[in-house]
Amino acid sequence: MAAKKLSDSLFSKRLLEEVQRWGSMKQTGVSLRYMLEFGSRFTERNLILAAQFLHKELPIRIARRAIELQSLPYGLSEKPAILKVRDWYLDSFRDLRSFPDVKEKNDEQEFTKMINLIKVRHNNVVPTMALGVQQLKKDLDPKLDYKDLDDIHQFLDRFYMSRIGIRMLIGQHVAMHEPNPPPDRIGYIHTKMSPVEVARNASEDARSVCLREYGSAPDVHVYGDPNFTFPYVPNHLHLMVFELVKNSLRAVEERFMDSDKIAPPIRIIVADGLEDVTIKVSDEGGGIPRSGLPRIFTYLYSTAKNPLDERADLGTADIATMAGYGFGLPISRLYARYFGGDLQIISMEGYGTDAYLHLSRLGDSQEPLP
Ligand code: ADP
Ligand code: MG
């Protein structure tokens, strides 16, 4: 079936057969600890070894995604936005497969440039997929329950989890070539990341989005030892806290907008345990009704107006908007799980919501490989 759908595309039959073959090979995962150890002793030899690993591993991961993108239910695969994403995956697969074996320094440098271009090509995958899902949402029978769309949610979870891994691997490799890496950095990993500091920055960024959209923004207080550090990826933590704080700001804004009471601050507590670093984001924004809770981690659920409806230029849709894609919580949970953590939401309807973000400290859990 997949082959028939693709027959009218720009991609040759041979390429598509190769995609099938590579998509059935076994993926190999790495852990945060491994990335740290490998990245801390990078010699020319190690860089070549890493490039050889990626040369084999990336096409396997990319092929699996390309295959899945072709066989989605409810006609999702035929939505123009999804076809565009599929073509990016096929182009990247072809770039990787047509690249000769990496044998020496020069090949390694060329290879690094090529995979960096792949990373750039896929920059807009999340908003483009979101657009495809919105296109589907419009056609669907409104009587369909979110449970009927379980297979789509599971596909998206696998798809985005895999994307996080691919970008992490490419990003680590590319970063090894930086001439003057900042201190305590190994690629994307900060060996002495202060979660309090990252939480503060992410909260300020979320507050500015809130200010722009509502004209005001509740305070955010961060509690915890700013000198406490552990190895983690600051970009990932920033993204997760940013999404959680935006949700809290929006809930508090909407609840207190027309009241003369002062909006209560959002409280972030950072705790360092032996196993986990846990970050709690607490708000008094009224909570989420219990009936809505099973849906908050799905990709089709948002109580906000869809920002894509108002956006003409969809090619460059950026996700830095308060709410409305319904992607904030599920994607944040994937980032947490990628390194062995998790995200939980506890709500008290009529009062507020607590989000618990657990980050695994040990760093030796293997990448999940969907
Ligand atoms: P979006 O923010 O784009 O709607 P999210 O995945 O971030 O998508 O959140 C999904 C939905 O969960 C929100 O639309 C909102 O209804 C609910 N929600 C999330 N966090 C909170 C919160 N702190 N307080 C109240 N409702 C929340
Ligand atoms: Mg959100």
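Predicted model only: the values in this text are computed from it and were never measured.

Trainee: Please set out the sheet that holds strand S7 (residues 342–348) residue by residue, giving values where relevant.
Mentor: Pairing within the open sheet is mixed, and its five strands lie in the order S3-S5-S6-S8-S7. Only two strands of the sheet have a single neighbouring strand rather than two, namely strand S3 (220–223) and S7. When strand polarity is set aside, the average angle formed by the axes of neighbouring strands in this sheet is 15°. Sheet analysis places S3 next to strand S5 (residues 266–272), joined by four bridges and oriented parallel. Following the sheet pairing, Tyr223 is matched in S5 by Ile269. This element, helix H11 (residues 328–338), spans S7 and strand S8 (352–360) of the sheet and lies at about 135° to S7.

Trainee: Can you lay out the domain arrangement of the protein chain for me, pointing to particular residues and giving the numbers?
Mentor: Here the protein chain is partitioned into domain 1 (2–184) and domain 2 (188–360). One C-alpha centre belongs to domain 1, the other to domain 2, and the line joining them spans 27 Å. With 28 residues of domain 1 in contact, the opposing surface of domain 2 contributes 31 residues. Here domain 1 and domain 2 share an interface that buries about 2,900 Å² over both sides, 71% of which is from carbon and sulfur atoms. Summed over the shared surface of domain 1 and domain 2, the result is one salt bridge. In this structure, the salt-bridge partner of Asp184 is Lys192, at a minimum N-O distance of 3.5 Å. Counting every contact that joins domain 1 to domain 2 gives six residue pairs in polar contact (both at pLDDT 80 or more). Counting residues per element, the side of domain 1 that touches domain 2 draws most heavily on helix H8 (residues 150–175), at eleven residues. Of the residues that constitute the side of domain 1 that touches domain 2, the class distribution is 15 nonpolar, six polar and seven charged.

Trainee: Could you give an account of helix H6 (residues 105–121), naming the residues involved and the relevant values?
Mentor: Between its terminal C-alpha atoms H6 stretches 25 Å, which fits the 24 Å expected from 17 residues at 1.5 Å a residue. Among the residues of H6, those classed as buried are Asp107, Glu108, Phe111, Thr112, Met114, Ile115, Ile118 and Lys119. If you follow the buried residues of H6, they end up packed against helix H4 (44–69), helix H5 (80–97) and H8.

Trainee: Can you explain the site of ligand 1? Please cite residues and give values.
Mentor: Not every one of the 20 residues close to ligand 1 is listed here, only the nearest: Asp283, Ser302, Thr303, Gly324 and Gly326. Within the side chain of Asn247, a nitrogen or oxygen atom sits 2.9 Å from an oxygen atom of ligand 1. At a separation of 3.3 Å, a nitrogen atom of ligand 1 approaches a polar side-chain atom of Thr353. Sorting the residues of the shell around ligand 1 by element identifies helix H10 (234–256) and H11 as the ones contributing at least two each. Here the element with the most residues in the shell around ligand 1 is H10; it accounts for four residues. Along the lines of polarity and charge, the residues of the shell around ligand 1 split into nine nonpolar, nine polar and two charged.

Trainee: Lay out empty space enclosed by the protein with the relevant residues and their values.
Mentor: All chains considered together, the criterion is met by two cavities of 30 Å³ or more. Put simply, the largest cavity is a space of about 80 Å³. Surrounding the largest cavity, Ile62, Tyr89, Ile118, Lys119, His122, Arg163, Ile166, Arg167 and Ile170 form its lining. Mapped onto the lining of the largest cavity, the elements with two or more residues apiece are H6 and H8. Tallying contributions element by element places H8 first for the lining of the largest cavity, with four residues. For the lining of the largest cavity, a count of residues per class yields five nonpolar, one polar and three charged. For the second largest cavity, the calculated volume is near 30 Å³. If you go around the second largest cavity, the residues you meet are Gln27, Arg61, Met161, Ser162, Gly165, Tyr338, Glu367, Pro368, Leu369 and Pro370. Of all the elements, H8 adds the most residues to the lining of the second largest cavity, at three residues. The class makeup of the residues in the lining of the second largest cavity is five nonpolar, three polar and two charged.

Thresholds applied
Residues numbered from 1 in each chain as written. Chains lettered and ligands numbered in written order. Predicted model: local features only at pLDDT ≥ 70, side-chain atom pairs only at ≥ 80, totals over all residues. Heavy atoms only, no water. Pairing = 2+ DSSP bridges. Helix = DSSP H or I, 4+ residues; strand = E, 2+ residues; numbered from the N terminus. Axes fitted to C-alpha atoms, helices over the stretch in contact; angles between N-to-C directions. Contact = heavy atoms within 4.5 Å. Domains from an automatic or database assignment. Buried area = accessible area lost by both parts, 1.4 Å probe. Salt bridge = Lys/Arg side-chain N within 4 Å of Asp/Glu carboxyl O. Polar contact = N/O pair within 3.5 Å; in protein donor to acceptor, adjacent residues only side chain to side chain. Nonpolar A, V, L, I, M, F, W, Y, C, P; charged D, E, K, R; others polar. Expected span 1.5 Å × (residues − 1). Buried < 20%, exposed > 50% of the residue type's maximum accessible area, 1.4 Å probe, protein only. Near = heavy atom within 4 Å. 1 Å grid on protein atoms, 1.4 Å probe; cavity = no way out; pocket = protein on both sides within 12 Å on 5 of 7 lines; lining within 4 Å. Points joined across faces, edges and corners; volume = space filled by probe spheres on them.

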